[in-house]
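Given next are the chains, with one letter for each unit.
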Amino acid sequence: MRAVVIERSAGLLAGWSAALDRPAFAAGATNLAHYLALRSQDLSALQPRLAALGLSSLGRSEGRVLESLDAVAATLARLAGVDGPRHPDRAAFGAGAAALAREQAAVFGPDGRGRLTRILVTLPARAAEDAPFVADLVAAGADCVRINCAHDSAATWAAMIANVRAATAAGAGACRVLMDLGGPKCRIVEIAAPGTTRLLRGDVFALVDRMPRTAPRRITVRSNVDDLVSRLRPGLPLYVDDGRIGASIEEVSADRALIRVETVRSKGLKLRVDKGFNIPGLDLGQPAITDKDLIDLDFVAGQADIVGCSFAQHPADVALMQRELTMRRGDRPPQPLVLKIETPLAVRNLPELIAQGAGRQPLAVMIARGDLAVELGFGRIGEVQEQILWLCEAAHVPVVWATQVLAGLVAEGAPSRAEATDAAMAQRAECVMLNKGPYLVEAVRFLDDLLRRMDRHQHKKTPQLAALDAWSAL
């Protein structure tokens, strides 16, 4: 098996070689290739046979593929009474975890709060004017803040950043700034309606390329994508606001598409300007970096600690972002990059995206579960988010667990049981992202406490066997 892994991984590494300029990623790239080669085989029948001998079943080998194989092979050889490889030393066996921790620190800053997982918080517009609110966020446990460049303006972003820098200087805690480019996301830019914009199941609304001059008879929206209607066809699914509204395209004419709502909460949901929508199966042919992104990069390259790249699907998309940043950074070191994985194509190309990104600068991968769930189908998101975690651990690349984390607590002040469990599961990632809402500070405190508790019990896929304190039998 080891020989097969070495042979199959060589071609992968050769294909990535042009992108691998950063020595700090050399071991991660090699281990990623080894992991892909290992997982190209079905090991499920072998695993229980190894476990029955008291050996590793290779189920936690992501960060150390060859070392795990060597350890098992060495023990098997001793049991069989034949010559075999030597056991890897402890330093080699733990090198992958140490490399992942270094990359986590390179992106999100050194750990000053004593927990394994960082907390990333999306700033609302209020953060530009309310310095005490920002200080409270940082003091509550925010290790990093996110500014979404799809909203607000450079003046607002500058005020947000100034408040973050002031909070850290005053001793609230270390906090880095991630600026997330909007990217080629479909968004609602204009709405016209004869009354409310609330949609219920069974309602029909219209999507147009140009708003009618007369008042519409039904809710009508326009997107930021030119000539979108001509590319649509009946039967295509359409999702609004990260899947909160599920619909299908019912009829397409020269000037509009009629869309019927199929799934939405019982009380309905209002359509709002700036909300995104997804049309799985339709290639919109938009560039990875929009004209607005290029303008925003002039600010982002000089002010952000970390840059977020939205809707990257091909290595060339990442390379383009790297070139644009380099043009604006001059002699300054490259900023860490966060790649948001939002489409099935990005999932398929993830190894190549990682090689291109981490080969040039510190990199993290965001599991953007909102767009990804509607693009993949909600039934697959649980499976795919696990696979992304495994792949990134193999590459020694940190992961951001994002979208709807503690959404009820952030919005309403009380978490549901399901979202508390989801947040506990998120501890296996290197960073967890909270979205904006009125109870954001309280949510940061809750998450900080929850993550600390989980650190006692779990590290990546490995349970930590700390003494149980819920029972006192002994």
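Chains are numbered independently. Their residues run from 1 in the order of the written sequence. pLDDT decides what is reported in this predicted model: residues at 70 or higher carry local features, side-chain atom pairs at 80 or more are listed and counted, and totals for whole chains, interfaces and linings draw on all residues regardless. Computation of side-chain values covers all heavy atoms of the structure but excludes hydrogens and water.

A. How the structure looks around the layout of surface pockets. Only protein atoms enter the 1 Å grid used here, on which a cavity is any set of points holding a 1.4 Å probe that cannot leave and a pocket is any open set flanked by protein within 12 Å on both sides along at least five of seven lines; residues with an atom within 4 Å of a point are listed as lining. Grid points are joined across faces, edges and corners, and a volume is the space filled by probe spheres set on the points. Roughly 1400 Å³ of internal volume is contained in the largest pocket. Residue lining of the largest pocket: 45 residues in total, with Asp241, Asp242, Arg244, Lys275 and Asn435 positioned closest to the centre. Counting from the N terminus, the helices are the DSSP runs of H or I reaching at least four residues and the strands are the DSSP runs of E reaching at least two. Of all the elements in the fold, those that place two or more residues in the lining of the largest pocket are β2 (144-148), β11 (269-270), β15 (363-368), α13 (369-376) and α15 (407-412). Looking at the lining of the largest pocket element by element, the count peaks at 4 residues for α15. For the lining of the largest pocket, a count of residues per class yields 14 nonpolar, 12 polar and 19 charged. Considering only enclosed or pocket space, the second largest pocket measures out at about 580 Å³ in volume. Taken together, 24 residues form the lining of the second largest pocket, with Leu282, Asp283, Leu284, Gln313 and Thr343 sitting closest to its centre. Secondary structure elements with two or more residues in the lining of the second largest pocket: β12 (277-278) and α11 (344-348). Top contributing element to the lining of the second largest pocket by residue count: α11, with 3 residues. Throughout this entry, Asp, Glu, Lys and Arg are counted as charged residues, while Ala, Val, Leu, Ile, Met, Phe, Trp, Tyr, Cys and Pro are counted as nonpolar. The remaining residues, Gly among them, count as polar.

B. Region of interest: the sheet that holds β12. Strands pair, by our definition, only if DSSP identifies at least two bridges between them. Strand order in the open sheet formed by 7 strands is β4-β7-β6-β10-β9-β8-β12, and the pairing between neighbours is mixed. Of all strands in the sheet, those with a lone pairing partner are β4 (188-192) and β12, marking the two edges. The pairing of strand β9 (residues 245-252) with strand β10 (residues 256-263) spans 6 bridges and is antiparallel. Each residue of the ladder has a partner; that of Val252, found in β10, is Ala257.

C. Fine view of unusual backbone geometry. Here the phi dihedral of Asp274 falls at roughly 85°; this positive angle occurs in a residue that is not glycine. Among the structural elements, Asp274 can be located in the loop between β11 and β12. A relative accessible area of 32% means that Asp274 is categorised as partly exposed. The phi dihedral of Thr403 falls on the positive side, at around 85°, and the residue is not glycine. In this structure, Thr403 sits in the loop between β16 (399-402) and α15. Relative accessible area decides the class of each residue, using a 1.4 Å probe on protein chains only: under 20% of the type maximum gives buried, over 50% gives exposed, and in between gives partly exposed.

D. Layout of the pairing of strand β17 (residues 431-434). Taking every second residue as pointing to the same face, both faces of β17 are buried, with Cys431 and Met433 on one and Val432 and Leu434 on the other. Pairing analysis gives 4 bridges linking strand β1 (residues 118-122) to β17, with the strands arranged parallel. Bridging from a neighbouring strand, Arg118 pairs with Cys431 of β17. Relative to β17, β16 runs parallel, the two being bridged by 2 bridges. Looking across to β17, one finds that Trp401 is bridged to Val432.

E. Looking closely at the packing of helix α2 (residues 26-39) against helix α4 (residues 65-80). Between the N-to-C directions of two axes lies an angle of 0 to 180 degrees, each axis being a line fitted to C-alpha atoms and, for a helix, fitted only over the stretch in contact. Two elements in contact, α2 and α4, have axes whose closest approach is 8 Å; the angle formed by their N-to-C orientations is 60°. Classed by the angle they form, the pair α2 and α4 counts as oblique. Where α2 abuts α4, its residues Asn31, His34, Tyr35 and Leu38 lie against Val65, Leu66 and Leu69. Class assignment of the residues belonging to the contact of α2 with α4 gives a composition of 5 nonpolar, 2 polar and no charged. Throughout, the term roughly parallel applies to angles under 35 degrees, roughly antiparallel to angles over 145, roughly perpendicular to angles from 65 to 115, and oblique to all others. Two residues form a contact once any of their heavy atoms are found within 4.5 Å.

F. The arrangement of the sheet that holds β17 in detail. With respect to topology, 8 strands assemble into a closed barrel ordered β1-β2-β3-β13-β14-β15-β16-β17, the strand pairing being parallel. For this sheet, the mean inter-axis angle between neighbouring strands, taken without regard to orientation, is 25°. Here β15 pairs with β16 via 4 bridges, running parallel. Across the sheet, residue Met366 finds its bridge partner in β16, namely Val400. Here helix α10 (residues 315-329) sits on the sheet and contacts β13 (306-309) and β14 (337-341); the angle it forms with β14, its principal contact strand, is near 150°.

G. Summary view of the nonpolar core. Among the buried residues, those of types Ala, Val, Leu, Ile, Met, Phe, Trp, Tyr and Cys that are joined through side-chain atoms within 4.5 Å form a nonpolar core. Ranked by internal contacts, the top residues of the largest apolar core, which has 95 residues, are Met179, Met321, Leu337, Ile354, Ile388, Val397 and Leu434. When residues of this core are assigned to their parent elements, the largest contribution, 8 residues, is made by helix α14 (residues 381-395). Residue contacts for Met321: discarding those within four places in its chain leaves Leu181, Ile289, Leu297, Val307, Cys309 and Leu337. Among the nonpolar cores identified, the runner-up in size contains 26 residues, and Cys186, Leu207, Leu236 and Val264 belong to it.

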